[in-house]
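Now for the letters of each chain:
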Amino acid sequence: IIPMFPGAELTDGFCDVAHFEALSVGSFSSLPECGLPPQARTAYFVRLGKGISNVSYCWPSLYVPKHLTGPEHVNLHSVQALSCFSNGGIMDYGQWYLGNYSPGTDKSAGRINQFIQEVAPRTSGRDFATDIGVVYGPWSLMATIDGQGIVPELFINEYKGWTDYLCNSHQQWDVIFNQNLPEEDLAQFDVLILPSILSIDDEQVASLKRFVDQGGRLVITGLSGTRTGPDEF
């Protein structure tokens, strides 16, 4: 599953382990790149994958250009793998795709996997302690597609911008899918952020109203609410 490929997140509840692919340098279509350390942030797609997966983690492939692979870049491999792990992902290794490669070496991959195996008894099934929920809308992404593909300025850039900001400011947050708002226990959050959630239906609006009536706060930005739900096109 390429991250944020339109509709992929609707597999929530049906997918055992989501496998996302992302580029450290460059991007798939119009989707934002992850970047390189120390500026890089992987949470925007890794936490989505964790949220889709029925297990407590996802399986991301994070590619780098060929000149950043090999023994001289094992520290890059470690940093990227631990960034993925802290966001709920066990990073793939040994892949190649259109001139992009998995970072590191067999030795560094073995060292990382050994570490994950050692801490697995303490970390398996863990979840994030959160007081901020970032709402993600699969139908919102589909609403931004034109004849050339995704228009990132309408939704996805704002979503990634919020997740990057929350990581950089060391906030406790997690992703919540807007189609799940009526079923979620929103009381766990102090704040819900709607980053340009274009498509939202009446049932989801009612859930947000109850959240506010019970003392919760909303941060609503961009084009949120400018489309009805998919049932009404």
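Everything here concerns the structure above.
Conventions and cut-offs
- Residues numbered from 1 in each chain as written.
- Predicted model: local features only at pLDDT ≥ 70, side-chain atom pairs only at ≥ 80, totals over all residues.
- Heavy atoms only, no water.
- Pairing = 2+ DSSP bridges.
- Helix = DSSP H or I, 4+ residues; strand = E, 2+ residues; numbered from the N terminus.
- Axes fitted to C-alpha atoms, helices over the stretch in contact; angles between N-to-C directions.
- Contact = heavy atoms within 4.5 Å.
- Expected span 1.5 Å × (residues − 1).
- Buried < 20%, exposed > 50% of the residue type's maximum accessible area, 1.4 Å probe, protein only.
- Phe/Tyr/Trp six-rings, centres within 6.5 Å; stacked < 30°, edge-to-face > 60°.

(A) Looking closely at the sheet that holds strand S8 (residues 173–177). Read from one edge to the other, the open sheet built from four strands follows the order S8-S5-S9-S10, with strand pairing classed as parallel. What marks the edges here is a single partner per strand, and that holds for S8 and strand S10 (217–221). Strand-to-strand twist across the sheet, computed as the mean angle between neighbouring axes with direction ignored, equals 25°. Bridge count between strand S5 (residues 132–136) and S8: five bridges; the pairing is parallel. Bridged to Tyr136 within S8 is Phe177. Lying on the sheet, helix H1 (residues 43–52) is in contact with S5 and S8; it crosses S8 at an angle near 55°.

(B) Structural view of helix H2 (residues 74–86). Along its 13 residues, H2 runs 18 Å from first to last C-alpha, staying within 8% of the 18 Å computed at 1.5 Å per residue. If you check which residues of H2 are buried, you get Leu76, His77, Ser78, Gln80, Ala81, Cys84 and Phe85. Looking at the packing, one finds that the buried side of H2 touches H1, strand S2 (61–65) and helix H3 (106–123). Of the residues trailing H2, Gly88 is marked for its positive phi of about 100°.

(C) Molecular detail of the packing of aromatic side chains. Applying the stated criterion to the full structure yields ten aromatic pairs. A centroid spacing of 6.4 Å and a plane angle of 40° characterise the contact between Phe20 and Phe45, whose relative ring orientation is tilted. With Phe20 in the segment before strand S1 (21–23) and Phe45 in helix H1, this residue pair connects regions lying 25 residues apart in the sequence. Accessibility assignment for this pair places Phe20 and Phe45 in one class, buried.

Function-wise, these values are silent; they only describe arrangement.
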